[in-house]
Amino acid sequence: EDTFNDDLYGAVITVPAYFDDAQRQATKDAAQLAGIHLLRLINEPTAAAIAYGLDNASEGVYAFYDLGGGTFDISILRLTQGVFEVIATGGDSMLGGDDYDAALAQWVLEQVGVQPSSSEDRAAVRVAARVCKEALTAAPEGVFAAVLSGGVHISHTVSRVQFDAATAHLTKRSLSAVRRALRDA
């Protein structure tokens, strides 16, 4: 409502493709309890496909690799005459971008020989890792920079190659879920 500066008529809510009927119903009930007029419930991979304009694309089979902050999902969809059918889903509910941040932080801390000593220090390290990881999206290098208690400054340049090596075990873990979903499809 703030964005549109007007009242909303209703909402389309997305849910993970692996949600069962009870979970989908619980989402509908939550929307009703919140006073939200639910127009439609859509699977997240279907919503992603629509957002990318694939509903107007060639018919075929598409894979959606969704590495969120806390979870990883892989969905295989078939587009036929403008209709998406989820043919396989998979993932790892204990794998996400936060794990990549933690792996990067651990690698940098090992390189510089520093360990955070407080919860504030650990929070600063997590933020530094996230900022560095995001910088690597558009650049071949990123800077991991944090100020810890006691005035300890960490500044370490990280290359894309170093990031990939520090997180390879996580990527490998995601790819095994991808292979399972492809076999299921």
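That block above? That's the structure.
Residues numbered from 1 in each chain as written. Predicted model: local features only at pLDDT ≥ 70, side-chain atom pairs only at ≥ 80, totals over all residues. Heavy atoms only, no water.

Undergrad: Can you walk me through the pairing of strand β5 (residues 83–92) in this structure?
TA: Side chains on a regular strand alternate between the two faces of the sheet. Both strand β4 (residues 72–80) and β5 contribute to a ladder of 9 bridges, which runs antiparallel. In the strand pairing of β5, I74 is matched with G90. Linkage of β4 to β5, two consecutive antiparallel strands, is achieved through a turn of 2 residues, within which Q81 is found at a positive phi near 50 degrees. (Pairing = 2+ DSSP bridges. Helix = DSSP H or I, 4+ residues; strand = E, 2+ residues; numbered from the N terminus.)

Undergrad: For this particular structure, what's the right way to read the packing of aromatic side chains?
TA: Any two aromatic rings considered together are summarised by their centre-to-centre distance and by the angle between their planes. As enumerated under the stated definition, the model contains 2 aromatic pairs in all. Both rings, one in Y65 and one in F72, keep their centres 4.7 Å apart while their planes meet at 55 degrees; by these two values the pair is tilted. (Phe/Tyr/Trp six-rings, centres within 6.5 Å; stacked < 30°, edge-to-face > 60°.)

Undergrad: Whenever I open this one, the environment of F163 confuses me. Can you help?
TA: Looking at the secondary structure, you find F163 in helix α5 (residues 160–184). A residue is classified by how much of its surface remains accessible, and F163, at 6% relative accessible area, is buried. A C-alpha to C-alpha distance of 12 Å links F163 and D99, two positions 64 residues apart in sequence. The residues touching F163, leaving out its near neighbours within four places in the chain, are Y100, L104, K133, L136 and V158. (Buried < 20%, exposed > 50% of the residue type's maximum accessible area, 1.4 Å probe, protein only. Contact = heavy atoms within 4.5 Å.)

Undergrad: I keep staring at helix α3 (residues 97–112) and nothing clicks. Help me out?
TA: Think of an α-helix as 3.6 residues a turn; residues three or four steps apart then line up on the same face. In a regular helix each residue adds 1.5 Å, so 16 residues correspond to 22 Å; α3 covers 23 Å between its end C-alpha atoms and thus fits that length. Within α3, burial applies to G97, Y100, D101, A103, L104, A105, W107, V108 and L109. Contacts from the buried residues of α3 go to β3 (60–67), α4 (119–138), β6 (141–148), β7 (152–159) and α5. Downstream of α3 by one or two residues, G113 has phi in the positive range, about 70 degrees. (Expected span 1.5 Å × (residues − 1).)

Undergrad: Help me understand the pattern of salt bridges in this model?
TA: Inspection of the entire model under this criterion finds 6 salt bridges. Taking the shortest distance from any N to any O, the salt bridge between E85 and R78 comes out at 3.6 Å. For E85, a relative accessible area of 42% translates into the label partly exposed. For R78, a relative accessible area of 32% puts it in the partly exposed group. Among the ionic pairs, R130 bridges to D101, the shortest N-O distance being 3.4 Å. Placement of R130 in helix α4 and of D101 in helix α3 is noted, with a sequence separation of 29 residues between them. The class for R130 is partly exposed, based on a relative accessible area of 33%. Look at D101 and you get buried, because its relative accessible area is 3%. (Salt bridge = Lys/Arg side-chain N within 4 Å of Asp/Glu carboxyl O.)

These figures capture arrangement, not role.
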